[in-house]
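Next come the chains, spelled out residue by residue.
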Amino acid sequence: MEELFQVRGSILTIRIPDELDHHSAETIREGSERILENQGIREVIFDFRDTQFMDSSGIGMLMGRYRSMNQMGGTVKAVHVKERVAKILQLSGIFKVIPIELEKSWGDV
């Protein structure tokens, strides 16, 4: 689980696995909660460079981290988002509250 999370100063980067499903979303939720409680995090960056699939569990996990950080006065963003995942984020409305940085090969959402 350690390879999913990297803390640098007040920034937590979460490397999202190939498939963001119920199991991986729960692992990320539990691990990030422990880090957020204890390490003075001000920004969470979701790194989607490896992610090919995401279901509603992933959307719920992202929104949960967004709410937690918003309550703590922090920020959340998603980076290296591929076309397929970007479409899911767009359809779910997440892109309205979480800034999304797309892979260079993908145009504007």
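Coordinates for the structure precede this section.
Reference entry: report on the structure contained in this document. (Residues numbered from 1 in each chain as written. Predicted model: local features only at pLDDT ≥ 70, side-chain atom pairs only at ≥ 80, totals over all residues. Heavy atoms only, no water.)

Observations concerning the overall build of the protein chain
Heads up, the condition is: Strands are runs of DSSP state E lasting at least 2 residues, helices are runs of H or I lasting at least 4, and numbering of each runs from the N terminus. We compute the radius of gyration over the C-alpha atoms and compare it with the globule rule, which gives 2.2 Å times the number of residues raised to the power 0.38. By the convention used here, residues are in contact when the closest approach between their heavy atoms is within 4.5 Å. For accessible areas, the Shrake-Rupley method is used with a probe of radius 1.4 Å. Any residue's cover is judged against the shown protein chains and nothing else. In this tally, Asp and Glu contribute negative charge and Lys and Arg positive charge; neither His nor the terminal groups of the chain are included. For the purpose of locating charges, the reference atoms are NZ of Lys, CZ of Arg, CG of Asp and CD of Glu.
For the protein chain, the helix and strand inventory stands at three helices and seven strands. Taken from the N to the C terminus, the helices and strands of the protein chain come in the order β-β-β-α-β-β-α-β-α-β. Rg of the C-alpha trace for the protein chain: 13 Å, near the compact-globule value of 13 Å for 109 residues, within the 12% margin. For the protein chain, the spread of C-alpha atoms along the principal axes amounts to about 35 × 25 × 20 Å. Within the protein chain, contacts between residues separated by at least 24 positions form 67% of all contacts whose residues are at least 6 apart in sequence. Accessible area for the protein chain stands at about 6,200 Å²; split by element, carbon and sulfur atoms hold 47% of it. The positive charge centre, built from 14 side chains, and the negative charge centre, built from 17, are 5 Å apart in the protein chain.

As for the sheet that holds strand E2 (residues 11–15)
Selection rule: When DSSP finds two or more bridges between a pair of strands, those strands are recorded as paired. To define axes, lines are fitted to C-alpha atoms, for helices over the stretch in contact only, and angles between the resulting N-to-C directions are given on a 0 to 180 degree scale.
The strand order across the open sheet built from five strands is E1-E2-E4-E6-E7, with neighbouring strands paired in mixed fashion. Here the strands that pair on one side only, and so sit at the sheet edges, are strand E1 (5–8) and strand E7 (100–102). Neighbour to neighbour, the strand axes of the sheet diverge by 20 degrees on average, direction disregarded. Pairing between E1 and E2: four bridges, direction antiparallel. If you follow Phe5 over to E2, its bridge partner there is Ile14. Helix H2 (residues 56–71) contacts strand E4 (43–47) and strand E6 (75–81) of the sheet and is inclined by roughly 165 degrees relative to E4.

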